[in-house]
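Spelled out from the first residue to the last, the chains are:
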Amino acid sequence: MKKLLISISIVALIFSLVSCTKAETPQNGDETTGASQENATSSASVIFEEDTTVGEGKNAVSVSVKTPDKTVKITIMTDKTVLGDALTESGLCEGEEGPYGLYIKKVNGISAVYETDGAYWSLTVNGEAASTGADGVEITDGAEYELVYTEA
């Protein structure tokens with residue numbers, strides 16, 4: 001019985017050490033910081049490399065994701081009526097609630113957090129800067145939306 005308990009303890013210790021080691025290794029999609037800003041738009045973290053369609057629903061929302069290196073057009077199929085909801089539901093964007101609504105911090109796997117790396121995601125609707133955040137933009141049939149990686 002003692003040998004069994006000792007064996008289980010050793011195995012648990014090994015798993016603990018392995019998981020601690022893996023936690024220190026950055027994974028794809030982790031937020032970047034100012035120190036690695038030049039790699040913020042690298043293809044290693046990108047979810048969609050080519051134009052694609054995602055989601056399910058009756059509305060087709062066209063979103064161009066522009067970085068200094070590439071533009072990818074994502075068509076989101078959704079039943080949502082607000083752009084921010086469609087973006088987060090599809091997994092294209094991640095963010096948090098800020099004083100002006102949804103603060104988009106990651107688009108297509110690429111992080112842009114002004115406070116840490118001096119970059120941000122700007123939103124345009126039909127080529128003009130949005131007057132609200134993405135969660136204040138009603139989806140309009142035929143509208144062209146752009147999320148542009150912008151360095152300050």
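As the structure is a computational prediction, the values presented were derived from the model and not from experiment.

Caption draft 1: Quick peek at the pattern of salt bridges. According to the stated counting rule, one finds three salt bridges in the structure shown. Between Lys-70 and Glu-50 there is a salt bridge; the shortest N-O distance is 3.5 Å. With Lys-70 in the loop between β2 (59–66) and β3 (71–78) and Glu-50 in the loop between α1 (2–23) and β1 (52–55), this pair connects stretches of sequence that are 20 residues apart. Overall, Lys-70 belongs to the partly exposed group, its relative accessible area being 34%. Between Glu-96 and Lys-105 there is a salt bridge; the shortest N-O distance is 3.2 Å. We classify Glu-96 as partly exposed; its relative accessible area is 42%. Classification of Lys-105 by relative accessible area gives buried; the value is 15%.

Caption draft 2: Broad picture of the pairing of strand β9 (residues 144–151). By the bridge criterion, five bridges tie β2 to β9 in an arrangement that is parallel. Its bridge partner being in β9, Val-65 is matched across the sheet by Leu-147. Taken together, the seven bridges between strand β7 (residues 119–125) and β9 define a ladder with antiparallel strand orientation. Across the sheet, residue Ser-122 finds its bridge partner in β9, namely Val-148.

Caption draft 3: Structural context of unusual backbone geometry. Positive phi values are uncommon outside glycine, yet Asn-108 reaches one of about 55°. As for its position among the elements, Asn-108 is in the loop between β5 (101–107) and β6 (110–111). On the accessibility criterion, Asn-108 (2% relative accessible area) is buried. Positive phi outside glycine occurs at Asn-126, with the angle close to 55°. Examined against the element boundaries, Asn-126 turns out to sit in the loop between β7 and β8 (128–129). Look at Asn-126 and you get partly exposed, because its relative accessible area is 49%.

Caption draft 4: Just the sheet that holds β5, in detail. An order of β4-β5-β6 is seen for the three strands of this open sheet, with the pairing classed as antiparallel. Each of the sheet's edge strands pairs with one partner strand only, and the pair in question is β4 (93–98) and β6. Pairing analysis gives six bridges linking β4 to β5, with the strands arranged antiparallel. Considered in β5, the bridge of Glu-97 is made with Leu-102.

Caption draft 5: Layout of the environment of Glu-115. Relative to the elements of secondary structure, Glu-115 occurs in helix α3 (residues 114–117). In this structure the side chain of Glu-115 is engaged in a polar contact, spanning 2.9 Å, whose partner is the side chain of Tyr-103.

What counts, and where the lines are drawn
Residues numbered from 1 in each chain as written. Predicted model: local features only at pLDDT ≥ 70, side-chain atom pairs only at ≥ 80, totals over all residues. Heavy atoms only, no water. Salt bridge = Lys/Arg side-chain N within 4 Å of Asp/Glu carboxyl O. Helix = DSSP H or I, 4+ residues; strand = E, 2+ residues; numbered from the N terminus. Buried < 20%, exposed > 50% of the residue type's maximum accessible area, 1.4 Å probe, protein only. Pairing = 2+ DSSP bridges. Polar contact = N/O pair within 3.5 Å; in protein donor to acceptor, adjacent residues only side chain to side chain.

So, to be careful, I would describe these as geometric facts and stop short of saying anything about function.
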